[in-house]
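# Coordinate inspection notes
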Amino acid sequence: MADKSGIEWTDATWNPVAGCSIVSPGCTNCYAMKMAARIEAMGSAQGRDTHYAGLTTSTKAGAVWTGRIAVAPDSILTQPLRWKRPRRIFVNSMSDLFHEGVADATIDKVFAVMALCPQHTFQVLTKRLGEARSWFAWLSKQAKSVNAG
C-alpha cells in the first residue's frame, strides 16, 4: 500500500488482498510476483511475519505465484478511510480481487470500504471477468431481495 504511486494513471495503491496465480502468458512478466517475493524476503530478514509469506516460490526463472491468497490485516483494509484528500486508488496492485481464492466475504468488505469513501476514485482491474460478473450478479440479486422484502 502506498499513498504515492509512480504509476501515472493512479495516485495511490491499496492492497487488501495479496497473492495470485498465473492465468495467461502476460502473467509471466508480472511485477507483483517479484515485488511479493521481495516484500516477504525483507520481512523475513527483519524477523517479522508478513501476509506476503508463501505467496511466491523461487524458480530458476525467478519468483512465481503459488496460487495462495492472503487477506491483509484490518489496518490495511481500512486505510482508505483514513485518507481524507481525494485520491485515485489502484485496488490490489499485488493481486486480483476476483481471484478464485478470494472469498466473497472479503470482496464484500473491500467494496464496503470503497462505499464509505466517496471522496476517492477506486480503480479495480481484473483478468477474471467471469468471477467479477458473477459477484456483481449476486450483489444485484441481494439488493433486489432486500428492496422487495
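Now for a description of the structure that goes with this document. Remember, predicted model here, so these are calculated numbers, not experimental data.

Thresholds applied
- Sequence order as written defines residue numbering, which begins from 1 separately in each chain.
- Only residues with pLDDT of at least 70 get local features here, since the model is predicted, and only at 80 or more are side-chain atom pairs given and counted; chain-wide, interface and lining totals rely on the full set of residues.
- Hydrogens and water are ignored here; the side-chain numbers use all heavy atoms of the structure.
- We count a stretch as a helix when DSSP gives it H or I for four or more residues in a row; a strand needs E for two or more, and each element gets its number in order from the N terminus.
- Values of the radius of gyration come from C-alpha atoms, whereas the globule rule sets the reference at 2.2 Å times the count of residues to the power 0.38.
- Relative accessible area decides the class of each residue, using a 1.4 Å probe on protein chains only: under 20% of the type maximum gives buried, over 50% gives exposed, and in between gives partly exposed.
- Two residues form a contact once any of their heavy atoms are found within 4.5 Å.
- For the area figures, the Shrake-Rupley method with a 1.4 Å probe applies, and any residue is considered shielded solely by the protein chains shown.
- Positive charge is attributed to Lys and Arg, negative charge to Asp and Glu, and no charge count is given to His or to the chain ends.
- By convention, the point assigned to a charge is CZ for Arg, NZ for Lys, CD for Glu and CG for Asp.
- To pair, rings of Phe, Tyr and Trp, with the six-membered ring standing in for Trp, must have centres within 6.5 Å; the planes then decide the type, stacked if under 30 degrees apart, edge-to-face if over 60, and tilted in the middle.
- One bridge is not enough; two strands pair if DSSP finds at least two bridges between them.
- Here is how to tell: hold the view so the strands point away, follow the path from the first strand over the helix to the second, and if it runs clockwise the crossover is right-handed.
- Note that patches include only residues with greater than 30% relative accessible area and no salt bridge, and the join distances are 9 Å for like charges and 5 Å for nonpolar side chains (Val, Leu, Ile, Met, Phe, Trp, Tyr).
- In what follows, salt bridge is the name for a side-chain nitrogen of Lys or Arg lying within 4 Å of a carboxyl oxygen of Asp or Glu.

## Concerning the overall build of the protein
Summing up its helical and strand segments, the protein has five helices and seven strands in all. Along the protein, helices and strands appear, N-terminal first, in the series β-β-α-β-β-β-α-α-β-α-β-α. Against the compact-globule benchmark of 15 Å for 149 residues, the protein has a radius of gyration of 16 Å, which places it among compact chains. With the C-alpha coordinates of the protein rotated into their principal frame, the extents come out at 55 × 35 × 30 Å. Across the 149 residues in the protein, those meeting the buried criterion constitute 37%. Residue pairs at least 24 apart in sequence account for 74% of intrachain contacts in the protein once pairs closer than 6 positions are excluded. With the model as given, the accessible surface of the protein reaches about 8500 Å², and the carbon-plus-sulfur share is 58%. For the protein, the separation between the mean place of its 17 positive charges and that of its 11 negative charges on side chains is 3 Å.

## Let's talk about the packing of aromatic side chains
The description of an aromatic ring pair uses the distance of the two centres, along with the angle that the planes make with each other. Counted under the stated rule, the structure contains nine aromatic pairs. With 4.9 Å between their ring centres and 55 degrees between their planes, Trp9 and Phe90 make a pair best called tilted. Note that Trp9 is positioned in the segment before β1 (12-14) and Phe90 in strand β6 (residues 88-91), a separation of 81 residues in sequence. Linked through ring pairs, Phe98, Phe111, Trp135, Phe136 and Trp138 together constitute an aromatic cluster.

## So, the pairing of β6
Here β1 pairs with β6 via three bridges, running parallel. Each bridged residue has a counterpart across the sheet, and for Trp14 the counterpart in β6 is Val91. Pairing of β6 with strand β7 (residues 121-124), which is carried by four bridges, proceeds in the parallel orientation. Of the residues in β7, the one forming a bridge with Arg88 is Thr121. Viewed along the sheet, the connection from β6 through helix α4 (residues 104-115) into β7 turns out right-handed.

## Focus: a nonpolar patch on the surface
Together, Phe136, Trp138 and Leu139 give the surface a local cluster of nonpolar side chains, amounting to about 260 Å² of exposed area. Looking at the element boundaries, Trp138 is found in helix α5 (residues 129-148). With a relative accessible area of 34%, Trp138 lands in the partly exposed category.

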